[in-house]
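Given next are the chains, with one letter for each unit.
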Amino acid sequence: ENNKLTNIFWADSICRKNYSLFGDVVSFDSTYRFNKYDLVFTPFTGVNHHKSCVTFGAAFLSNEKIASYKWLFQTFLKAMCGVAPKLIIIDEDQSMRRGIEAIFPNTKHRLCMWHILMKLPEKVGPILRDNEDFKPRFIACVWGSETPDEFEARWSSIISDFGLEDNEWLKEKYGLRESWIPAYFMEFSLGGILRTTSRSESENAFFRHFTNRKLALIEFWVRFETALEEQRQKELQEDNCALHTLPVLETCWGIEAHAREVYTHNIFVAFQL
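My aim in this report is to walk through the structure given alongside it, one point at a time. A quick note: this is a predicted structure, and the numbers were derived from the prediction, not measured.

Attention now goes to the side chain of Arg-177. The topology assignment puts Arg-177 in the loop between helix H8 (168–175) and helix H9 (198–208). In terms of polar contacts, Arg-177 uses its side chain to reach the side chain of Glu-152, at 3.4 Å. If we skip the residues at most four places from it in the chain, Arg-177 touches Phe-151, Glu-152 and Tyr-184.

Here it is as C-alpha cells:
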C-alpha cells in the first residue's frame, strides 16, 4: 500500500528442473540478511545425486510474519507447478510453521535437531551441563533410539535419574518429539539432509562469499546468479567425473562392482559404508 517492494521470489528453469529431480526433501532457513534494506534472505535447499547442495529458489521477505511465509510458500508452489515437497526441515520459528501448515498441508515438517540441542546446556543448568554422564546419555537417547518405545523408555529414565520432572523446556520438547526425534520418522529417507537445517546454513555460508549487507537489490541478484553458476559448474564437473571414471572399489563383492557403475562417486562411498 506504500508502493514499496516487500517480498520477492526467484527461481529459474534450472532451479525448477533440480526441484523436479531432488525436491522430495527441502531444507528451509531464514537466518541471514544479505542486503542494505535488511530484507530476510530465505533459500530453499536440497541435496543432489552427488550429495552436494542444490538451490531450488530463494526469496527476500520484508518480515518474518505468517502472511509473508504464506505468500512465499504459495509463490514457491506456483513456480514448481503445484508440487509440494514431501518433507521440509525448518527451525522452531512459529510463523514459518504456521505458513507451512496452511500452504503445504500434506508436507511433513521436521524441526532442526541442531537448534534444539544447542539450547540444551542453557536449559538444564550448570550442574547438569558439567555432569559427565548426562550429555552422553541424552545424545544416545536422541540419536541412538531406533523405535519410539525405546526413545520414550530412555527419555523417562533420564528425566527420573537427573530430577528433571519440572523442567518446562524438556516437557515442551517431549511434546514435540514426533517433529525432531529420528525414531519417529525412520521410515522416511531424508536424502542426505539428515535431521538438521545444516544444508541451509552451508548454503548461506557459500553465498556469503559472494554477497554482503551493503548490497542493493540488483547488485545482490547479480552476485547471487554468479554463485549459482559456480554451484552448477561444480555439479557439471562431478557429472563428468562420474561419467568417465569409476570410484575406487575397496572390496571385490559382485554387488559393489555393479553399484559403482550405477551410483555417483559420493553415493557409492555411502553405499560402501
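Having seen the model, we can carry on.
Quick look at the side chain of Asn-167 now. Within the element layout of this structure, Asn-167 appears in the loop between helix H7 (148–161) and H8. Its relative accessible area of 13% is what places Asn-167 among the buried residues. Looking at Asn-167, its side chain comes within polar contact range of the main-chain nitrogen of Leu-170, at 2.9 Å. Those residues in contact with Asn-167, other than ones at most four positions away along the chain, are Lys-123 and Val-124.

Further remarks concern the packing of aromatic side chains. According to the stated counting rule, one finds 22 aromatic pairs in the structure shown. With 5.2 Å between their ring centres and 85° between their planes, Tyr-19 and Phe-76 make a pair best called edge-to-face. Pair noted here: Tyr-19 is in helix H1 (residues 13–22) and Phe-76 is in helix H2 (residues 66–79), with a separation of 57 residues, a long-range link. Taking relative accessible area as the criterion, Tyr-19 reaches 5% and is therefore assigned buried. Members of the aromatic cluster, joined through ring pairs, are Phe-9, Tyr-19, Phe-28, Phe-44, Phe-56, Tyr-69, Phe-73, Phe-76 and Phe-104.

Turning our attention to the pattern of salt bridges. Following the criterion strictly, the structure yields ten salt bridges and no others. Each member of the salt-bridge network shares a partner with another, and the members are Glu-92, Lys-119, Glu-172 and Lys-173.

Bringing H1 into the picture now. Within the span of H1, buried status applies to Cys-15, Asn-18, Tyr-19 and Phe-22. One face of H1 carries all of its buried residues, which in axial projection span an arc of 105°. What points out from H1, more than 90 degrees from its buried face, is the exposed set Ser-13, Lys-17, Ser-20 and Leu-21. One side-chain oxygen of the residue at the start of H1 lies 3.2 Å from the amide nitrogen of Ile-14, identifying that residue as Asp-12.

Right, let's get into empty space enclosed by the protein. For the structure on display, the rule yields one cavity of 30 Å³ or more. In this structure, the largest cavity spans a volume of roughly 30 Å³. Of all elements in the fold, only strand S4 (53–61) and helix H10 (217–244) reach the threshold of two or more residues within the lining of the largest cavity.

Right, let's get into the pairing of S4. The buried fraction of S4 amounts to nine of the nine residues, a majority that puts the element mostly inside the structure. As defined by bridge partners, strand S1 (residues 8–10) adjoins S4 across three bridges and the pair is classed as antiparallel. Directly across from Phe-9, in S4, lies its bridge partner Ala-59. Here strand S3 (residues 40–47) pairs with S4 via eight bridges, running antiparallel. Paired with Thr-42 across the strands is Ala-59, a residue of S4. Hairpin connection between S3 and S4: a loop of five residues separates the two successive antiparallel strands, and Lys-51 in this loop has a positive phi of roughly 65°.

The rules behind each value
- Residues numbered from 1 in each chain as written.
- Predicted model: local features only at pLDDT ≥ 70, side-chain atom pairs only at ≥ 80, totals over all residues.
- Heavy atoms only, no water.
- Helix = DSSP H or I, 4+ residues; strand = E, 2+ residues; numbered from the N terminus.
- Polar contact = N/O pair within 3.5 Å; in protein donor to acceptor, adjacent residues only side chain to side chain.
- Contact = heavy atoms within 4.5 Å.
- Buried < 20%, exposed > 50% of the residue type's maximum accessible area, 1.4 Å probe, protein only.
- Phe/Tyr/Trp six-rings, centres within 6.5 Å; stacked < 30°, edge-to-face > 60°.
- Salt bridge = Lys/Arg side-chain N within 4 Å of Asp/Glu carboxyl O.
- Arc of directions from axis to C-beta.
- 1 Å grid on protein atoms, 1.4 Å probe; cavity = no way out; pocket = protein on both sides within 12 Å on 5 of 7 lines; lining within 4 Å.
- Points joined across faces, edges and corners; volume = space filled by probe spheres on them.
- Pairing = 2+ DSSP bridges.

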